[in-house]
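Below, each chain spelled out in residue letters.
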Amino acid sequence: MKTKYLALIISGSIILATSITLLVIYLPDNTLPAPDFNWVFPANSTYYDDYAKVPFMVPMRDGVKLATDVYIPTNINESLPVIFVRTPYDKDMMLTFLSGYVTRDFVLILQDFRGFYESDGEKGMPFFTEQTDGHDSLLWISEQQWCNDKIGTWGPSALGVAQYMMAPNAPNSLVCQLPMVATTDTYTAAFRGGQLRYELLVPWMDGNSYPANNLDLLKEHEMLDDFWSGGRIVNNYSDINAASLHLGGFYDIFCQDTINAFMAYQYQGGTSALGNAKLIMGPWVHGMASVPTGEITFPYQNLGILFKAGDALFEKWLKDNSTLWDQLPTVAFYLMSSTRLNPDTNGNGWFQSDKWPLDTLTQDLFFYNNLSLLPTASSSVSDQLNFIYDPNSPVPTIGGGNLNIAAGAYDQQSLEERDDVLVFSTPILTEPITIVGQIDVSLFISSNCIDTDFTVKLTDVYPDNTSMLITDTILRVRNRESVSSWDFMTPGNIYNITIPFDSTAYHFNEGHQLRIDISSSNYPRFEVNPNTGDGLWDNDTTLIANNTIYTNSISASKISLPTVNLGDLLPFNFDDVASDQNFSFVVVYSIPTTKLSYIGFPFIAVALVRINRGKYPTIDFL
């Protein structure tokens, strides 16, 4: 009997030992929680295949609570780095773009702005509360057990603006940011050269149900004053201590703002920001992944960079894995060029630099009365050109850096036939011209009115006379010295005004012409100037302006181009950036365009995303 019991004990011990051994061998390590990690999913959690959603109402300093969804891997056994996204466009939509991060051991947090969707509070002036709400949210996240005190932020457009607003003096847990097509300055988002960016701001505020009195606030504060301090961080870059990757487009509404933000983080930022910024500028409108760009489909865009960018940043700064980050140059930019009639152009590809702006040579082109652009000023002492600007018949917008109307590169020939547009062109190029950087226009002007606008466009004239828009700009003359004050003209007096364009990168081919169109309106891209000197929307009448451009040796109007030798530029191939991730899936997104029209991906209807094992995605638009 004793032998029988002994045998049973031995057999049981063997079975128990074998079972424990098998469990140790086959049970995944991450199912066993660390001794000091006791996170338990609350009862209101919603479970998916690999993660769970935990909803919170996070209190802000003024008592307002913001709807915040936290997505946590179900096998979590230690605190993890966090990717944090704040949005006015419904946090539930963002999960489509970002759920993959949760399966790669990140905690994903999606939060509605105050006053939007499930969050409490009221909508005020756009982005004026994003700094304090961002800071309060970061502090709350840092206190949670599932956060390892490393937080990165992500998002385009308004989501990117929210990132910028929360950056100065943020808690130390904010270690990196990925803002895309965004601005650090809500004043420049609202006004360009002192003039209201009508089609950008007014439909956007209306579409997002902002209070009607916000338009009254625009009227009261069309000059830059202390009112705007809540929505701009341009004086606080040294207080930023986050690494960053900035993505923008040369036809984006925030083209120059994105570049300025990169330069500020890289060269003016705090200790952790300084020297830890990267910039990627593509041939994109505000939608970034929208193809074509107006009337041009630029080849070799490699839209997979939108995925590589996030991985590079978050793997480096949240997980100390620099594999991708170190392969990206400090600056990568797409050099645009014509495609039709020039299939073998040396443009239309990616290049890299260790800084921005690049080292360039300034090439001046002077305006002539015969409507030519030449490298030396006219010898005439009296040449000038006039045009009549009627605010009741403005030049309509066709393309450019728009949000709510067609954006990108469009042919301007129909507008160049108007009497209120002056059209200056170079001779047909016998050698190509490559420009990379910010262009300035210096005009000597006068008017019979105390105030008016001057608009300027740069176009590429093809051999078949297509005049393709590259970039444009505007100045309200009363703001020629400052956007913080008004300085009205004395009718008939000559003034020298300087108007900067947004930066661009463009290669003009042989056989083409470089063209400048000058007028006084571009509506609805910009509000119409009534020429009366009244404040925004305060006029009850309009005046017809007789505007003059001076083109003589004494008052020599010119455009200054930042030129480079194409052969000196260093190409960059995103395909050489290898991934250490090993995943593969195919997914079709079918997204209502009505929702997307205000979130920074405005024109995508259906996108097929293919991600091959060990590589990044290519995107085909259906």
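Quick caveat, the model's predicted, so the values are computed rather than measured.

Caption draft 1: Representation of the overall build of the protein in the model. In terms of helices and strands, the protein carries 11 helices and 30 strands. Looking at the protein as a whole, 58% of its 622 residues are labelled buried. In the protein, the proportion of contacts linking residues at least 24 apart, taken out of those at least 6 apart, comes to 75%. Only carbon and sulfur atoms are counted for the fraction: they give 52% of the accessible area of the protein, which is about 24,700 Å².

Caption draft 2: Up close: the packing of helix α6 (residues 198–207) against helix α7 (residues 213–220). Viewed as axis vectors pointing N to C, α6 and α7 meet at an angle of 155°, and their least axial separation amounts to 10 Å. Taken together, the axes of α6 and α7 are roughly antiparallel relative to one another. Residues L201, V202 and M205 of α6 touch α7, and the partners they reach there are N214, L215 and L218.

Caption draft 3: Focus on helix α9 (residues 305–319). A rise of 1.5 Å per residue sets the reference length of α9, with its 15 residues, at 21 Å; its end C-alpha atoms lie 20 Å apart and thus fit the reference within 8%. Along α9, 11 of the 15 residues are buried, which leaves the element largely enclosed by surrounding structure. Regarding α9, the residues found buried are I305, L306, K308, A309, G310, D311, A312, L313, F314, E315 and L318. Where α9 is buried, its residues touch β4 (80–87), α2 (91–102), β6 (147–156), β7 (174–180), β10 (243–249) and β11 (277–282). Of the residues one or two after α9, D320 is the one with positive phi, at around 60°.

Caption draft 4: Spotlight on the pairing of strand β21 (residues 467–476). For β21, the buried fraction is high: 10 of the 10 residues fall into the buried class. In the sheet, strand β20 (residues 453–461) pairs with β21 via nine bridges, with the strands oriented antiparallel. Paired with D453 across the strands is R476, a residue of β21. The antiparallel hairpin formed by β20 and β21 contains five residues in its connecting segment, where N465 sits at a positive phi of about 80°.

Caption draft 5: Main features of the packing of helix α3 (residues 130–142) against helix α4 (residues 158–166). Interaxial distance between α3 and α4 falls to 8 Å at its minimum, and their mutual angle equals 75°. As summarised for this structure, α3 and α4 are arranged roughly perpendicular, according to the angle between their axes. Two secondary-structure elements touch here, α3 through E130, Q131, G134, H135 and L138 and α4 through A162, M165 and M166. Residues belonging to the contact of α3 with α4 are distributed by class as follows: four nonpolar, three polar and one charged.

Caption draft 6: View of the packing of aromatic side chains. The full count for this structure, using the stated rule, is 37 aromatic pairs. Note on Y48 and Y71: the rings are 6.5 Å apart at their centroids and 45° apart in plane angle, and the pair reads as tilted. Here the residue Y48 occupies a position in the loop between β1 (46–47) and β2 (51–59), and Y71 occupies one in strand β3 (residues 65–73), the gap between them amounting to 23 residues. With relative accessibility at 1%, the residue Y71 sits in the buried group. Pairing F116 with Y210 gives two aromatic rings, centres 5.7 Å apart and planes at 70°, and the pair type is edge-to-face. Of this pair, F116 sits in the loop between β5 (107–112) and α3 while Y210 sits in the loop between α6 and α7, and the two are 94 residues apart along the sequence.

Caption draft 7: Region of interest: unusual backbone geometry. In the segment running from W356 into P357, the intervening peptide bond is cis, with an omega of 5°. Among the secondary structure elements, P357 is positioned in the loop between β13 (349–353) and β14 (361–367). A cis amide bond, omega 15°, links Y523 with the succeeding residue P524. Among the secondary structure elements, P524 is positioned in the loop between β24 (513–519) and β25 (545–550). If you check the backbone angles, D105 has positive phi at about 65° while not being a glycine. What makes D105 partly exposed here is its relative accessible area of 37%.

Caption draft 8: Inspection of the side chain of S520 at higher detail. Within the secondary structure, S520 is located in the loop between β24 and β25. Take S520: its relative accessible area is 1%, and that puts it in the buried class. At a separation of 2.9 Å, a polar atom in the side chain of S520 contacts the side chain of N547.

Caption draft 9: Broad picture of the confidence of the model for the protein. Residues at a pLDDT of 70 or more form 86% of the protein, whose mean pLDDT is 88. The low-confidence segment residues 580–622, where pLDDT is below 50, has 105 contacts with residues more than four positions distant or belonging to other chains.

Caption draft 10: Looking closely at the side chain of T426. Within the secondary structure, T426 is located in the loop between β17 (422–425) and β18 (433–437). By relative accessible area, which is 5% here, T426 ends up buried.

Caption draft 11: Local environment of the pattern of salt bridges. Taken as a whole and judged by the stated rule, the model has 21 salt bridges. In this structure, E130 and R86 form a salt bridge, with 2.4 Å as the shortest nitrogen-oxygen distance. Here the residue E130 occupies a position in helix α3, and R86 occupies one in strand β4, the gap between them amounting to 44 residues. For E130, a relative accessible area of 3% puts it in the buried group. The salt bridge involving E315 is made with R104; its shortest N-O contact spans 3.7 Å. Of this pair, E315 sits in helix α9 while R104 sits in the loop between α2 and β5, placing them 211 residues apart in sequence. Residue classification places E315 among the buried residues on the basis of a relative accessible area of 7%. By relative accessible area, which is 17% here, R104 ends up buried. Salt bridges sharing common partners tie together D69, K91, D92 and E118.

Caption draft 12: Looking closely at the pairing of β14. Sheet topology places β14 next to strand β26 (residues 558–564); six bridges connect them, and they run antiparallel. What sits directly across from L365, in β26, is I559. Relative to strand β15 (residues 373–374), β14 runs antiparallel, the two sharing two bridges. Bridged to F367 within β15 is L373. The antiparallel pairing of β14 with β15 creates a hairpin that spans five residues between the two strands, and L371 there sits at a positive phi of about 70°.

Caption draft 13: Fine view of the sheet that holds β24. Pairing is antiparallel across the open sheet formed by four strands, whose spatial order is β17-β24-β20-β21. Every other strand in the sheet has two partners, leaving β17 and β21 as the edge strands with one partner each. Looking at each pair of strands side by side, their axes are set apart by 20° on average, direction ignored. Two elements, β20 and β24, share seven bridges in a ladder whose sense is antiparallel. Paired with V456 across the two strands is I518, which belongs to β24.

Rules of the game
- Here the residue numbering is sequential within each chain, running from 1 through the sequence in written order.
- Since the coordinates come from a predicted model, pLDDT governs what is reported: local features require at least 70, and pairs of side-chain atoms require 80 or more to be given and counted, while whole-chain, interface and lining totals use all residues.
- Only hydrogens and water are set aside when side-chain values are computed; all heavy atoms of the structure are taken into account.
- Helix and strand assignments come from DSSP, with helices taken as H or I runs of at least 4 residues and strands as E runs of at least 2, each series counted from the N terminus.
- In this scheme, a residue with accessible area under 20% of its type's maximum is buried, one over 50% is exposed, and one in between is partly exposed, where area comes from a 1.4 Å probe on protein chains only.
- Contact between two residues is taken to exist if any of their heavy atoms lie within 4.5 Å; hydrogens are not considered.
- Accessible surface is estimated by sampling points in the Shrake-Rupley manner with a 1.4 Å probe; for residues, cover comes only from the protein chains shown.
- Axes here mean lines fitted to C-alpha atoms, for a helix over just the part in contact, with angles spanning 0 to 180 degrees between N-to-C directions.
- Each angle receives one of four descriptions, namely roughly parallel if under 35 degrees, roughly antiparallel if over 145, roughly perpendicular if within 65 to 115, and oblique otherwise.
- By this rule, a helix spans an expected 1.5 Å times one less than how many residues it contains.
- Strands were regarded as paired on the criterion that DSSP finds at least two bridges between them.
- For this classification, Asp, Glu, Lys and Arg are treated as charged, while Ala, Val, Leu, Ile, Met, Phe, Trp, Tyr, Cys and Pro are nonpolar and the rest, including Gly, are polar.
- Two rings from Phe, Tyr or Trp (for Trp, the six-membered ring) form a pair when their centres sit within 6.5 Å of each other. Planes less than 30 degrees apart are called stacked, planes more than 60 degrees apart edge-to-face, and all others tilted.
- In protein, a polar contact means a hydrogen-donor-capable atom and an acceptor-capable atom, both N or O and within 3.5 Å, with residues adjacent in sequence counting only if both atoms are side-chain atoms; elsewhere, any N or O pair within 3.5 Å suffices.
- Think of pLDDT as the predictor's per-residue confidence, scored from 0 to 100.
- Salt bridges, as used here, are contacts in which a Lys or Arg side-chain nitrogen is within 4 Å of a carboxyl oxygen on Asp or Glu.

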